[in-house]
Amino acid sequence: TLSFDYKNERDYSTKILGNTYSIQTGLNLLKGEWKGFKFQHLFSYNRERQKIGDKRFYLFPDSTKLETLVSEKPDKDKIENEIIIEYLWEYNAGKSGFFTKILKNVFLEGMIQNTERLTIENIYTFTDREKAGSFSNIPVRVTIEHDSSYRMTENVEFGMNFKTVFGVEDKILLTSPTGNKLWSMGFEMGIAAKIIF
């Protein structure tokens, strides 16, 4: 699949014109509903320009005397890039030794549907660092996820999720325009139950 998107935004309080161009590609290699790989790539470019003095950005076009002064902001170009790889698979809950040992007195049937997901992304902003204020660049961030879903009955569904994130953040401050690289890592897990009426 291939799709394009364009967004135009105008902020009349700061006189900033924003244009965002996005492209998304996808490749589906599934051999069944829950068997195989899926690939996705997202790329976006955001361009911001301040239009101080442009009458099209006046709050009151017919009365320039009512205009208030706004602080000057530098031009900004932001690029975001994301790659997502997913592997889908399923297995019979009743034949799983792991679940039958834990839930000895519970009869399990049906399929447990699983998704393994790898996301690699980076974000970079080109601007005048000494005038832009504080912001962050992400040279690289990697997210690894596992999702499991099991529908016990037509109205009851259970889910489980594991997520690990690690990467580098380049934090730009007015006191440090060259940036400060910060390594980070996190782990998250959750269990959910859904009752459908």
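None of these values were measured; they are calculated from a predicted model.

Thresholds, definitions, all that
Residues numbered from 1 in each chain as written. Predicted model: local features only at pLDDT ≥ 70, side-chain atom pairs only at ≥ 80, totals over all residues. Heavy atoms only, no water. Helix = DSSP H or I, 4+ residues; strand = E, 2+ residues; numbered from the N terminus. Polar contact = N/O pair within 3.5 Å; in protein donor to acceptor, adjacent residues only side chain to side chain. Contact = heavy atoms within 4.5 Å. Salt bridge = Lys/Arg side-chain N within 4 Å of Asp/Glu carboxyl O. Buried < 20%, exposed > 50% of the residue type's maximum accessible area, 1.4 Å probe, protein only. Pairing = 2+ DSSP bridges. Axes fitted to C-alpha atoms, helices over the stretch in contact; angles between N-to-C directions. Patch = residues over 30% accessible without salt bridge, like charges linked within 9 Å, V, L, I, M, F, W, Y side chains within 5 Å. Areas by Shrake-Rupley, 256 points an atom, 1.4 Å probe, with all protein chains shown as cover.

Observations regarding the side chain of H146
Thinking step 1. Counting through the fold element by element, H146 comes out in strand β6 (residues 135-151).
Thinking step 2. Polar side-chain contacts of H146 include one of 2.7 Å to the side chain of E116.
Thinking step 3. A distance of 2.6 Å separates the side chain of H146 from the side chain of S148, its partner in a polar contact.
Thinking step 4. With residues up to four places along the chain from it excluded, the contact list for H146 reads W89, N114, T115, E116, M160, N161 and F162.

What about the pattern of salt bridges?
Thinking step 1. Taken as a whole, this structure holds ten salt bridges when the rule is applied.
Thinking step 2. We note a salt bridge from R56 to D54, for which the minimum N-O separation is 2.8 Å.
Thinking step 3. In this structure, the salt-bridge partner of R151 is E157, at a minimum N-O distance of 3.0 Å.
Thinking step 4. By relative accessible area, which is 43% here, R151 ends up partly exposed.
Thinking step 5. Via salt bridges that share partners, E86, R117, E145 and D147 belong to a single interconnected network.

Some thoughts on unusual backbone geometry
Comment: phi is negative for the bulk of residues other than glycine, and the bulk of peptide bonds are trans.
Thinking step 1. Of note, the phi angle at K15 is positive, near 65°, even though the residue is not glycine.
Thinking step 2. Locating K15 in the fold gives a position in the loop between β1 (2-11) and β2 (16-32).

Focus: the pairing of strand β4 (residues 76-92)
Thinking step 1. Sheet analysis places strand β3 (residues 35-50) next to β4, joined by 13 bridges and oriented antiparallel. Of the residues in β4, the one forming a bridge with F37 is Y87.
Thinking step 2. With 17 bridges joining them, β4 and strand β5 (residues 111-127) adopt antiparallel strand pairing. Counted as the bridge partner of E90 is Q113 from β5.

With respect to the sheet that holds β2
Thinking step 1. Here we have eight strands laid out as an open sheet, ordered β1-β2-β3-β4-β5-β6-β7-β8, and antiparallel in their pairing. Strand pairing shows two members of the sheet lacking a second neighbour, β1 and β8 (176-195), which therefore form its edges. Each neighbouring strand pair of the sheet contributes to a mean axis angle of 10°, computed without reference to strand direction.

Let's talk about a nonpolar patch on the surface
Thinking step 1. A grouping of L27, L29, F37, F39 and Y87 is seen on the molecular surface, where their side chains present a nonpolar patch of about 430 Å² in accessible area.
Thinking step 2. Here F39 is to be found in strand β3.

A closer look at the environment of T115
Thinking step 1. Relative to the helices and strands, T115 is located in strand β5.
Thinking step 2. Between the C-alpha atoms of T115 and H146, which are 31 residues apart in sequence, the distance is 5.7 Å.
Thinking step 3. Once residues lying within four places of it in the same chain are set aside, the contact partners of T115 are W34, E86, Y87, L88, E145, H146 and D147.

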